[in-house]
Amino acid sequence: LFILSFVPTPPVLASGGAAVPWTTYEAENMTIGGGTVLGPHYSANAVASEASGRKCVQLSGTGQYVEFTSQSVANAIVVRYSVPDTSDGTGTNCTLSLYTNGVFAEKLQVTSRYSWLYGYYPFTNKPSAGSPRNFYDEARTNNLVINPGDTVRLQKDSTDTASYYVIDLVDLENVAAPLTQPANSTNVMNFGAYGDGVHDDTVALSTCIVNAYFQGKSVWLPPGLYKITNSMNLPSGMTIQGAGMWYTTLVGDPALYTNSARRVTLNGGGNNIHLSDFAIVGKLNYRNDTEPNDGLGGSYGTGSTISHIWVEHTKTGAWLTNSKGLVVDSCRFRDTIADGINLCVGMQATIVTNCTAVRATIALPSGRRPTRRRTILPG
C-alpha cells in the first residue's frame, strides 16, 4: 500500500493516485475583506500550525469575509473552520454566513463542541490544562447552485455570534442525485423509522436488519437523518445501502454519547458484509482509549466491502480486525479524535483505495509538532 500525504494549494484537484470529486480552495489565497492571515506557523498549539499549508484566515469583525471564484460546477460545500471554545470546555454552537454571487445563501451551522482538546495524551476538555490542539471542525451543506465563475463568500455577519472565525479551506463538490432503492431490499421506513434526526430509529434499523437477514435481502436507507443510540452487530451476508453519503446519515445522540454502548457503531460479525453510500456522524468530544471505538468496527471476515462511507466525530473512522480480502473504497474519515482507519489484528489482503483521512491534529511524542494532514490512499 502506497500512502501519499500532501497539503493542497488552491484551486487544486487531488493528485498522486486518488480521484477525489472536489476542488479545494485555500483561505489565505482567497480575496480577504478585512480578515487577517495567520501563519505560517510551525510550533505546536497554534491554530495556523494545524491548518493546511500552515496558513489560515481569521475573521473577527462584522462584515469581514473571504471570497473566491468557483472553477467548476458545484452544489455542495465543506468549510474547514475553527471557532472559540467556551471557558468550561463544553463548546457552543453558532453560525457563519454563506453568500454566492453576493446574495445570501444560508447560515452554516458551526460549533466548537467537537474540537479543542487540551494537555497531553490522552488529552482533556478542560482549558485549564493548557496546550490547546484539535482546533478545527468542518461544516457541510448541499443543494447549492454554483457555476464556474460564480463567487463564493464566507462572511461574519452581525447575527454570527462567535468572537472570531478561522477559515482554513473550502471544498466544492458537484454531488450526484440521491440513489434509489435497489431491488430485493427492505426499506427501514417500513419498520417505523422516522429519519428526522429527532426520533430514535435504533429499534427500526435493528429490526430491519434482522428481517432482511432472514429474507435474504439487503437494507435500504432512503435520504434522511437516522438517530442511532446503540451499536449494531452485522451478520454474514448483510448489505446496507443508503442514498449517498450526502443524503443518508446515521447520527448519534449527544446526550447519550458519554456511554460507549450508546454510540453509532456498525460492527462486522461475519463474511460477505457490504456497506455503502451513507454517513456516520458521531458526537464524541473526548478521547478515552479504554473505551471501544465508534464508527465502523469488528470483523468483516472474507469477501466484504465498505464503500462511499463518510465518518466523522468518532474516535476512529474504522477500527477493523480479522478480515481477509476486504476492500475499503472511496470513504471519507474526517475530524476523528484518533485514527482515520486502523487495520488492526488479523488483517489480510485488505485494499484501501481512494479514501481520505482528515484529522485536526496528530498525537505525537512531546517535542514534536502536530499538523493537519489529508492522506490519500490510491489503489
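On a predicted model such as this, the values are computed, not experimentally measured, just so you know.

Turning our eyes to something else, we now look at the packing of aromatic side chains. Within the structure shown, the criterion is met by 7 aromatic pairs. Ring geometry for Y25 against F68: centres 4.3 Å apart, planes inclined by 25°, an arrangement best described as stacked. Of the two residues, Y25 is situated in strand β2 (residues 22–26) and F68 in strand β6 (residues 65–69); the sequence distance between them amounts to 43 residues. Each member of the pair, Y25 together with F68, is buried. Aromatic side chains Y213 and F214 sit 5.2 Å apart centroid to centroid with 80° between the ring planes, which places their arrangement in the edge-to-face category. The exposure class of Y213 is partly exposed, given its relative accessible area of 42%. Of the aromatic side chains, those joined through ring pairs into one cluster are W116, Y118 and F135.

The next subject is the nonpolar core. Soluble globular proteins tend to pack their nonpolar side chains together in the buried interior. Core analysis: the largest hydrophobic core is formed by 42 residues, its most contacted members being L275 and L296. Those elements that provide at least two residues to this core are α1 (202–215), β15 (218–221), β17 (232–234), β21 (274–281), β22 (295–302), β23 (305–312) and β24 (318–324). If you tally residues by element for this core, the top one is α1, at 5 residues. In contact with L296, other than residues within four places in its own chain, are L266, L275, I280, I306, I309, V311, G317, A318, W319 and L320. Counting 27 residues, the second-largest nonpolar core is a separate cluster that includes Y81, L108, L144 and A162.

Turning next to the state of the cysteines. Enumeration over the complete set of coordinates arrives at 0 disulfides. With no disulfide of its own, C331 lies closest to C355 among cysteine sulfurs, the gap being 4.5 Å. Residue classification places C331 among the buried positions, given a relative accessible area of 1%.

In this section: the confidence of the model for the protein chain. For the protein chain, the mean per-residue pLDDT works out to 91, and 90% of the residues sit at or above 70. Across residues 1–15 the pLDDT falls below 50, and counting only partners more than four positions away or on other chains, this stretch makes 40 contacts in the model. Contacts from residues 360–373, a stretch scored under 50 in pLDDT, to residues over four places away or in other chains number 44 contacts.

Turning next to the pattern of salt bridges. Inspection of every chain in the model, using the stated rule, returns 12 salt bridges. Among the salt bridges present, the one from R80 reaches D168, with a minimum N-O distance of 3.8 Å. With a gap of 88 residues between them, R80 in strand β7 (residues 76–82) and D168 in strand β12 (residues 165–173) connect regions that are remote in the sequence. E173 serves as the salt-bridge partner of R332, at 2.8 Å between the closest nitrogen and oxygen. In this pair, R332 sits in strand β26 (residues 332–334) while E173 sits in strand β12, placing the two residues 159 residues apart along the sequence.

Quick notes on the rules
- Residues numbered from 1 in each chain as written.
- Predicted model: local features only at pLDDT ≥ 70, side-chain atom pairs only at ≥ 80, totals over all residues.
- Heavy atoms only, no water.
- Phe/Tyr/Trp six-rings, centres within 6.5 Å; stacked < 30°, edge-to-face > 60°.
- Helix = DSSP H or I, 4+ residues; strand = E, 2+ residues; numbered from the N terminus.
- Buried < 20%, exposed > 50% of the residue type's maximum accessible area, 1.4 Å probe, protein only.
- Core = buried A, V, L, I, M, F, W, Y, C linked by side-chain atoms within 4.5 Å.
- Contact = heavy atoms within 4.5 Å.
- Disulfide = S-S within 2.5 Å.
- pLDDT = per-residue confidence, 0-100.
- Salt bridge = Lys/Arg side-chain N within 4 Å of Asp/Glu carboxyl O.

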